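The residues making up each chain are set out below.
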Amino acid sequence: NAGVTQTPKFQVLKTGQSMTLQCAQDMNHNSMYWYRQDPGMGLRLIYYSASEGTTDKGEVPNGYNVSRLNKREFSLRLESAAPSQTSVYFCASSWGDRDTDTQYFGPGTRLTVL
Amino acid sequence: GENVEQHPSTLSVQEGDSAVIKCTYSDSASNYFPWYKQELGKRPQLIIDIRSNVGEKKDQRIAVTLNKTAKHFSLHITETQPEDSAVYFCAASRGDSSYKLIFGSGTRLLVRP
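In this text the structure is predicted, and so the values were computed from the model without any measurement.

K.L.:
Please explain unusual backbone geometry as it appears in this structure.
P.N.:
Between threonine 7 of chain A and proline 8 of chain A the backbone carries a cis peptide bond, its omega angle lying at -5 degrees. Following the sequence through the fold, proline 8 of chain A ends up in the loop between β1 (4-7) and β2 (10-13). Here the residue pair histidine 7 of chain B and proline 8 of chain B is connected by a cis peptide bond, since its omega of -5 degrees sits within 30 degrees of zero. As for its position among the elements, proline 8 of chain B is in the loop between β1 (4-7) and β2 (10-14). Here the phi dihedral of glutamine 60 of chain B falls at roughly 60 degrees; this positive angle occurs in a residue that is not glycine. Within the fold, glutamine 60 of chain B resides in the loop between β6 (56-59) and β7 (62-67). With relative accessibility at 80%, the residue glutamine 60 of chain B sits in the exposed group. A positive phi angle is found at lysine 71 of chain B, which is not glycine, with a value near 60 degrees.

Structure follows, in structure tokens:
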């Protein structure tokens, strides 16, 4: 039982390049999330997927797109990377139930955009 | 919009002392309040949570209290140990759905041996 996994762990991009961050969970959770973490700003929600087949914007969605490929996988795409997107990205998952909605985080992807 | 304020941003205590971190939230419909611990270079991990129908919850050396009227909640760590050193984040659920969280900006706790 690996929990939430993310690839890659580190990535360096040049401005304008594109890339996809991958996330998978093996806990049969319904809901999945993408956050970014910047120094002194906590965790900010980029996009989330309440259930398979649905996605919605969070607090900071500009410059990103997501795909809920199936119940297990939720990817985050940067179409044209900018230096402001340098951050640590965390994927998380939860049951999506009002009574048992603890979020479990992946190990993170450290992204640098030059 | 909804937000969660967390204080202090840094906290240094002597080993064995207690540490208290406080958070306030703005959405009166929030009903779930987790606390996460994040060690350097690691993922955030849930250490304790509380729901709006409970005023206090304890788990060994960790406790959380909730005051819904004042819209604030606190994390209490007693008998601190060096391994408690980490960044702690509070969070509150959005009133429209308890599975979306708003995070505080974090408290860096340093426990001096």
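Read on, since the account is not over.
K.L.:
Got a minute to help me understand the environment of proline 8 of chain A in this structure?
P.N.:
Residue and element names in this part refer to chain A. A residue is classified by how much of its surface remains accessible, and proline 8, at 23% relative accessible area, is partly exposed. Taking C-alpha positions, proline 8 is 8.5 Å from glycine 108, a pair spaced 100 residues apart along the chain. Discounting residues that sit within four places of it in the chain, proline 8 has contacts with Met19, Gly108 and Thr109.

K.L.:
What's the story with the sheet that holds strand β3 (residues 19-25) of chain B in this structure? I'm lost.
P.N.:
As a general point, the strands of a sheet are linked pairwise by backbone hydrogen bonds and lie either parallel or antiparallel. Residues and elements named next belong to chain B. Spatial ordering of the open sheet is given by β1-β3-β8-β7-β6, a layout of 5 strands whose pairing is antiparallel. Where the open sheet ends on each side, the last strands, each with one partner, are β1 and β6. Across the sheet, the axes of successive neighbouring strands diverge by a mean angle of 15 degrees, strand direction being ignored. Across 6 bridges, the pairing between β3 and strand β8 (residues 72-77) is antiparallel.

K.L.:
Just checking my understanding: could you explain the interface of chain B and chain A for this structure?
P.N.:
Bring the parts together and some accessible area is lost; that lost area is often taken as the interface size. Contact residues are listed per partner, giving 20 residues for chain B and 26 residues for chain A. Buried area between chain B and chain A, summed over both chains or domains, comes out near 1900 Å², and the portion from carbon and sulfur atoms is 50%. At the boundary of chain B and chain A, one finds 0 salt bridges. Applying the counting criterion to the chain B and chain A interface returns 5 residue pairs in polar contact (both at pLDDT 80 or more). For the side of chain B that touches chain A, the leading source of residues is strand β10 (residues 97-103) of chain B, giving 6 residues.

K.L.:
Where do I start with the side chain of serine 75 of chain A in this structure?
P.N.:
All names here are of chain A. Tracing the backbone through its elements, the reader meets serine 75 in strand β8 (residues 74-78). Among the residues examined, serine 75 registers a relative accessible area of 7% and is labelled buried. Other than its neighbours up to four places away in sequence, serine 75 contacts Thr20, Leu21, Gln22, Trp34, Asn65, Val66, Ser67 and Leu69.

K.L.:
I keep staring at the sheet that holds β1 of chain A and nothing clicks. Help me out?
P.N.:
Residue and element names in this part refer to chain A. Taking strand neighbours across the sheet as the criterion, the 4 strands line up as β1-β3-β8-β7 in an open arrangement whose pairing is antiparallel. Edge positions in the open sheet fall to β1 and β7 (64-68), since each of these has one partner strand only. With strand direction ignored, the average angle separating the axes of adjacent strands in the sheet is 20 degrees. Of the pairings in the sheet, the one linking strand β3 (residues 19-25) to β8 comprises 3 bridges and is antiparallel in character. Residue pairing across strands places threonine 20 opposite arginine 77, the latter belonging to β8.

K.L.:
Which parts of the structure should I look at to understand the state of the cysteines?
P.N.:
Here, disulfide denotes a covalent bond that connects the sulfur atoms of two cysteines. All names here are of chain A. A full pass over the atoms with the stated rule returns 2 disulfides over all chains. In this model, cysteine 23 is linked to cysteine 91 through a disulfide, with the two sulfur atoms separated by 1.9 Å. Taking the torsion about the sulfur-sulfur bond, which here is approximately -70 degrees, the covalent link between cysteine 23 and cysteine 91 counts as left-handed. With cysteine 23 in strand β3 and cysteine 91 in strand β9 (residues 87-94), this pair connects stretches of sequence that are 68 residues apart. Both residues of the pair, cysteine 23 and cysteine 91, belong to the buried class.

K.L.:
Got a minute to help me understand the side chain of arginine 68 of chain A in this structure?
P.N.:
Residues and elements named next belong to chain A. When you line up the elements, arginine 68 lands in strand β7. For the buried arginine 68, which has no salt bridge, the nearest side chain bearing the opposite charge is glutamate 52, at an N-O separation of 6.3 Å. Side-chain polar atoms of arginine 68 contact the side chain of serine 49, separated by 2.6 Å. In terms of polar contacts, arginine 68 uses its side chain to reach the backbone carbonyl oxygen of lysine 71, at 2.9 Å. Setting aside chain neighbours within four positions, we find arginine 68 in contact with Gln25, His29, Asn30, Ser31, Met32, Ser49, Ser51, Glu52, Gly53, Thr55, Glu73 and Phe74.

Basis of the calculations
Residues numbered from 1 in each chain as written. Chains lettered and ligands numbered in written order. Predicted model: local features only at pLDDT ≥ 70, side-chain atom pairs only at ≥ 80, totals over all residues. Heavy atoms only, no water. Helix = DSSP H or I, 4+ residues; strand = E, 2+ residues; numbered from the N terminus. Buried < 20%, exposed > 50% of the residue type's maximum accessible area, 1.4 Å probe, protein only. Contact = heavy atoms within 4.5 Å. Pairing = 2+ DSSP bridges. Axes fitted to C-alpha atoms, helices over the stretch in contact; angles between N-to-C directions. Buried area = accessible area lost by both parts, 1.4 Å probe. Salt bridge = Lys/Arg side-chain N within 4 Å of Asp/Glu carboxyl O. Polar contact = N/O pair within 3.5 Å; in protein donor to acceptor, adjacent residues only side chain to side chain. Disulfide = S-S within 2.5 Å. Lys, Arg positive; Asp, Glu negative; His and termini not counted.

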